[in-house]
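Here is what each chain is made of, one letter per residue.
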Amino acid sequence: GPEDVPPSRRPVDDLHDFTKEFIERGYHAEYCNWRDSYLKWRQGDSKGAKGENVESTHIKNRMSTFEYWYPTVSAYNFRRTCAYWIGVLFVEGCLFFLWQPLFEYYWAHPPERMEFWIAKMPILMGTTIFGAGIYMGYVELINMDTDTSLTRPNFFWCDWKGLYRLLQQREEGESDRGDAESDSDSSSSEVYWYQPLSSIAGWLIYVAGAILYQVANVADMFDLEEDQHDYLVGWPLVFGGLSFFLGGCCELIHNRCWATAPNTFVWWSSVCNFVGGIGFWFCACPGIFTGYTTLIGVQGTVLYLIGAILGLCMWRTEQFGLSLISNLNRVHRVGGTQIAVRTEKTTGVSQVVPISRAASSPNQAFKLDDVDNVLEDKLSWRGLSFVVMCTLWGSSSLLGVLTVPAAPWEYESTSRTLRRHLISQEMTSIAHAIGAHLIILLNSVSVHVPSEEPYRLLTLAMRLLVMVMTTQAVMSVSTFLVDEHQ
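Residues numbered from 1 in each chain as written. Predicted model: local features only at pLDDT ≥ 70, side-chain atom pairs only at ≥ 80, totals over all residues. Heavy atoms only, no water.

Asker: Would you mind showing me how to read the overall build of the protein chain here?
Answerer: The helix and strand tally for the protein chain stands at 18 helices and three strands. Taking all 486 residues of the protein chain together, 45% fall into the buried category. Sequence-distant contacts in the protein chain: of pairs separated by 6 or more residues, those separated by 24 or more amount to 72%. Summed over all atoms, the accessible surface of the protein chain reaches about 25600 Å², with 61% contributed by carbon and sulfur. (Helix = DSSP H or I, 4+ residues; strand = E, 2+ residues; numbered from the N terminus. Buried < 20%, exposed > 50% of the residue type's maximum accessible area, 1.4 Å probe, protein only. Contact = heavy atoms within 4.5 Å. Areas by Shrake-Rupley, 256 points an atom, 1.4 Å probe, with all protein chains shown as cover.)

This is the structure in structure tokens:
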């Protein structure tokens, strides 16, 4: 009978077909890619399949694909939103940091009331906003292995061992590749042992620095004794600046800036944040750099501002890992990417899958959708400039909110209407600040001007209105300073 024939002499038709099992386990697309590469190598091609045809190889090869790091549409939108607000909040926080030295340069010895509302309060607001951006980056990190469509996201803690294993992806057989061509192919996907550590340590150090700065600037709002001021303001600023310097070191290490060419956004962003962290640290040591602390602080803030704008440029190119999660920066949804979205009817979860796997799936409960209709488009350069302008409008409007308690007499016309004038001015500034941030939020979900009328005309009119309101807000703050200084 056929069972008596040795396996080596049996016909190919008698071999078991594992296609169904591969599809159920999600390895079919990886197997097809491995099979095609192996056949090319057998036919004389210089490149063959990476690794053996085993389950671990298919898992490791899949870790460098778009659908691995963005398994669902909700995961994509979550990381996209986090990266967007990190850049926006960093830009706005830096604008507040630049306001204090500008105010002190323009007005060397202001009255105590003016110094409290126009110098100290903006610094506190900038620290809070900048710290919120750091927290968003921390939240993105601790939710790398969390599917936000199925479970609640982590806000303060996570499975650190699981996160480390997820970030520590290595190509199997990396040490066995001896030729230069294989080394060049794997250089972009290889993860060195210190990169996961620098990613986790970097965000943790930045969070610690943000907390120390928050403590220092809150304590600086009160009249403290000299010893209390040293413990609650001076030393937290020193260690907070040191934390930002160490965070910049982690960015350099994570992105291997010493071994890569300076031709990417992440390279320049890491260098700017590193040098900016040095400025934050040195300006907190006035006893060492007497007379230069303000200049050093301005230099550090400007570099952080440039780094934040470069972060928005990375967000525009869908590098949502920014400068401390390089795993997300290695995959891109570029033209020609063979991926699609399928939506499960029972749960409503939209999954990002390869087209080959989605097309061959026997599960009819999934509907194949167009990925471009589900995932948001990329932001244009004009749209990016518009976001930065909205951030300037929002920060200027928040400064306008502070001008009312700083100098209420500026809005006095008659004694009978003074209170109404103050309330009206505060409501106007608050409305402008809210409107600016709502438009910033709108740009995170709608990144292009519609082509249909009248929506196109309304969007263009809104952008023109934002330009006018930004100019008005900046002129209002500058006029206030001129009037009060005189």
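Asker: Quick question: what am I supposed to make of a negative patch on the surface here?
Answerer: Residues E104, E112, E115 and D223 make up a contiguous surface patch of negative charge. Among the secondary structure elements, E104 is positioned in helix α5 (residues 73-106). (Patch = residues over 30% accessible without salt bridge, like charges linked within 9 Å, V, L, I, M, F, W, Y side chains within 5 Å. Salt bridge = Lys/Arg side-chain N within 4 Å of Asp/Glu carboxyl O. Lys, Arg positive; Asp, Glu negative; His and termini not counted. Charge placed at Lys NZ, Arg CZ, Asp CG, Glu CD.)

Asker: Just checking my understanding: could you explain the packing of helix α7 (residues 160-167) against helix α9 (residues 194-219) for this structure?
Answerer: Geometrically, a packed helix pair is captured by the angle between its two axes and the distance between the axes. The N-to-C vectors of α7 and α9 enclose an angle of 130°; their axes lie 8 Å apart at closest approach. As the angle between them shows, α7 and α9 are arranged oblique. Seen from α7, the contacting residues are W160, L163, Y164 and L167; seen from α9, they are P196, L197, S199, I200 and L204. A breakdown of the residues in the contact of α7 with α9 according to their chemical character gives eight nonpolar, one polar and no charged. (Axes fitted to C-alpha atoms, helices over the stretch in contact; angles between N-to-C directions. Parallel < 35°, antiparallel > 145°, perpendicular 65-115°, else oblique. Nonpolar A, V, L, I, M, F, W, Y, C, P; charged D, E, K, R; others polar.)

Asker: Explain helix α10 (residues 226-254) here, please?
Answerer: Owing to its 3.6 residues per turn, the α-helix brings residues three or four apart onto one side. Between its first and last C-alpha, α10 extends 40 Å over 29 residues, near the 42 Å set by a 1.5 Å rise per residue. Where α10 bends most, the angle comes to about 30°, and this point is G234, followed within four residues by the proline P236. The positive-phi residue at the C-terminal boundary of α10 is R256, with phi of around 50°. (Expected span 1.5 Å × (residues − 1). Bend = angle between axes of the 7 residues up to and from the residue.)

Asker: Can you help me understand the packing of aromatic side chains in this one?
Answerer: Here a ring pair, both rings aromatic, is described through the centre-centre distance and the interplanar angle of the planes. Scanning all chains against the criterion turns up 28 aromatic pairs. With centroids separated by 5.9 Å and ring planes inclined at 35°, the aromatic side chains of Y213 and F280 adopt a geometry described as tilted. Here the residue Y213 occupies a position in helix α9, and F280 occupies one in helix α11 (residues 265-283), the gap between them amounting to 67 residues. For the pair formed by Y213 and F280, the shared burial category is buried. (Phe/Tyr/Trp six-rings, centres within 6.5 Å; stacked < 30°, edge-to-face > 60°.)

Asker: Which parts of the structure should I look at to understand a nonpolar patch on the surface?
Answerer: A surface patch of nonpolar side chains, amounting to about 490 Å² of accessible area, comprises Y135, F155, F156 and W157. Along the chain, the position of Y135 falls in helix α6 (residues 112-142). For Y135, a relative accessible area of 30% gives the class partly exposed.

Asker: What's the story with the UniProt feature "transmembrane region" (unreviewed entry) in the protein chain in this structure? I'm lost.
Answerer: Using the residue numbers shown here, the UniProt feature "transmembrane region" (unreviewed entry) corresponds to residues 82-103, 123-142, 191-213, 233-253, 265-289, 295-315, 429-449 and 461-482. Overall, residues 295-315 shows 100% helix and 0% strand. The separation of its end C-alpha atoms is 30 Å. (UniProt positions renumbered as here; feature names shortened; annotations may be inferred.)

Asker: Would you explain the side chain of N143 in this entry?
Answerer: Positionally, N143 belongs in the loop between α6 and α7. For N143, a relative accessible area of 1% puts it in the buried group. Ignoring any residue separated from it by four or fewer positions in sequence, one finds N143 in contact with F78, R79, P153 and N154.

Asker: Explanation requested: empty space enclosed by the protein in the structure shown.
Answerer: Per the counting criterion, the structure on display carries four cavities of 30 Å³ or more. In this structure, the largest cavity occupies an estimated 200 Å³ of space. In terms of lining residues, the largest cavity is bounded by 19 residues, among which I86, F90, E251, N273 and S323 are the most central. Secondary-structure elements contributing two or more residues to the lining of the largest cavity are α5, α6, α9, α10, α11 and α12 (293-316). A class-by-class count of the residues in the lining of the largest cavity yields 12 nonpolar, six polar and one charged. Taken together, F97, T127, F130, G131, A210, Y213, F244 and F280 form the lining of the second largest cavity. Listing elements by their share of the lining of the second largest cavity, those giving two or more residues are α6 and α9. No other element matches the three residues that α6 contributes to the lining of the second largest cavity. Residues of the lining of the second largest cavity, tallied by class, amount to six nonpolar, two polar and no charged. (1 Å grid on protein atoms, 1.4 Å probe; cavity = no way out; pocket = protein on both sides within 12 Å on 5 of 7 lines; lining within 4 Å. Points joined across faces, edges and corners; volume = space filled by probe spheres on them.)

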